[in-house]
Amino acid sequence: MTPTGRHNKGVATSWLKLKQPAGEMKHRIPIYVRKSQFRLPFKTTTPIIMIGPGTGLAPFRGFLQERDHYKKEGKEVAETILFFGCRNKSIDYIYGDELADYQKSGTLSHLHVAFSRDQPEKVYVTHLLQQNFETLWKILDSEKGHIYICGDARNMAHDVHSSLLKVCQEYGGMDESQAADYIKKLETKGRYAKDVWS
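Reading the values: rules and limits
- Residues numbered from 1 in each chain as written.
- Predicted model: local features only at pLDDT ≥ 70, side-chain atom pairs only at ≥ 80, totals over all residues.
- Heavy atoms only, no water.
- Helix = DSSP H or I, 4+ residues; strand = E, 2+ residues; numbered from the N terminus.
- Expected span 1.5 Å × (residues − 1).
- Buried < 20%, exposed > 50% of the residue type's maximum accessible area, 1.4 Å probe, protein only.
- Arc of directions from axis to C-beta.
- Contact = heavy atoms within 4.5 Å.
- Pairing = 2+ DSSP bridges.
- Right-handed = clockwise from strand over helix to strand, strands pointing away.
- pLDDT = per-residue confidence, 0-100.
- Patch = residues over 30% accessible without salt bridge, like charges linked within 9 Å, V, L, I, M, F, W, Y side chains within 5 Å.
- Areas by Shrake-Rupley, 256 points an atom, 1.4 Å probe, with all protein chains shown as cover.
- Salt bridge = Lys/Arg side-chain N within 4 Å of Asp/Glu carboxyl O.
- Lys, Arg positive; Asp, Glu negative; His and termini not counted.
- Charge placed at Lys NZ, Arg CZ, Asp CG, Glu CD.

## Here's the deal with helix H2 (residues 58-72)
Line of reasoning, step 1. For H2, which comprises 15 residues, the first-to-last C-alpha distance of 22 Å matches the rise-based estimate of 21 Å (1.5 Å per residue) to within 8%.
Line of reasoning, step 2. Of the residues making up H2, those classed as buried are Phe 60, Phe 63, Leu 64, Arg 67 and Asp 68. Along the long axis of H2, the arc covered by the buried residues comes to 135 degrees, so they all point the same way. Along H2, exposed side chains directed more than 90 degrees from the buried face belong to Ala 58 and Lys 72.
Line of reasoning, step 3. Along its buried surface, H2 packs onto strand S1 (48-51), strand S2 (80-86), helix H4 (96-105) and strand S4 (146-152).
Line of reasoning, step 4. Phi turns positive, to about 90 degrees, at Gly 74, one or two residues after H2.

Here's what the structure looks like:
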């Protein structure tokens, strides 16, 4: 039960509950295993940009834990930037203290948070990206950083991709076609990874 009185059921667990064997009836549950490019660069000195609203934060917590571990071992850890968004700070920002601790320790270089419902005008991670185009371009182009997107494929991932194209056009002096090629090359080289769902 949420603070607003809503009863949430997990999508996967609710579906699995319906698949419990009953008597002679057996259910088949399809499982798909795919190779993932969604992992940290091998060098801790490679800067990363993580964009993950809502549950998209999950893999980035793992990324931060790993980078924090290396930092505590005395290894150099490059700039680590997170763009995160949720509806309400008081209800949905459940890892706020953890993220603040990573900021204090220096593991998380920059934290940009959008709370879409805490003010009259909705603010999303894409708005925060637009305010940081110059930094995004510097990390992607001259610092050869990696960028990760995790979350909603239908709207957020498309909007973030459009923002990246604009970054290339505005700060890289590219036309639309060149920007699309640049982003495609990042993806091919494993420097632009998406874990998105609809």
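## Considerations on helix H7 (residues 156-172)
Line of reasoning, step 1. With 17 residues, H7 extends 23 Å from end C-alpha to end C-alpha; this agrees with the ideal 24 Å at 1.5 Å per step.
Line of reasoning, step 2. Contacts made by the buried residues of H7 are with S1, helix H5 (125-130), helix H6 (133-142), S4, helix H8 (176-188) and strand S5 (192-197).
Line of reasoning, step 3. Gly 173 sits one or two residues past H7 and shows a positive phi near 65 degrees.

## Some words on the pairing of S1
Note on strand geometry: in a regular strand, side chains alternate between the two faces of the sheet.
Line of reasoning, step 1. Residues of S1 alternate between two faces, with Ile 48 and Met 50 on one and Ile 49 and Ile 51 on the opposite face, all of them buried.
Line of reasoning, step 2. One ladder, built from four bridges, connects S1 with S2; its direction is parallel. If you follow Met 50 over to S2, its bridge partner there is Leu 82.
Line of reasoning, step 3. On the question of chirality, the crossover connecting S1 to the parallel S2 by way of H2 is right-handed.
Line of reasoning, step 4. By the bridge criterion, four bridges tie S1 to S4 in an arrangement that is parallel. Following the sheet pairing, Ile 49 is matched in S4 by Ile 147.

## Here we look at the confidence of the model for the protein
Detailed reading of predicted coordinates is not advised where the pLDDT is low.
Line of reasoning, step 1. Mean pLDDT for the protein: 93, with 99% of residues reaching 70 or above.
Line of reasoning, step 2. Helix H1 (residues 11-18) is the least confidently modelled element of the protein, averaging 85 in pLDDT, while S1 averages 98, the highest of any element.

## Notes on a positive patch on the surface
Line of reasoning, step 1. Taken together, the side chains of Arg 6, Arg 87, Arg 117 and Lys 122 present a region of like positive charge at the surface.
Line of reasoning, step 2. Within the secondary structure, Arg 117 sits in the loop between strand S3 (110-115) and H5.
Line of reasoning, step 3. Judged by relative accessible area, which is 34%, Arg 117 ranks as partly exposed.

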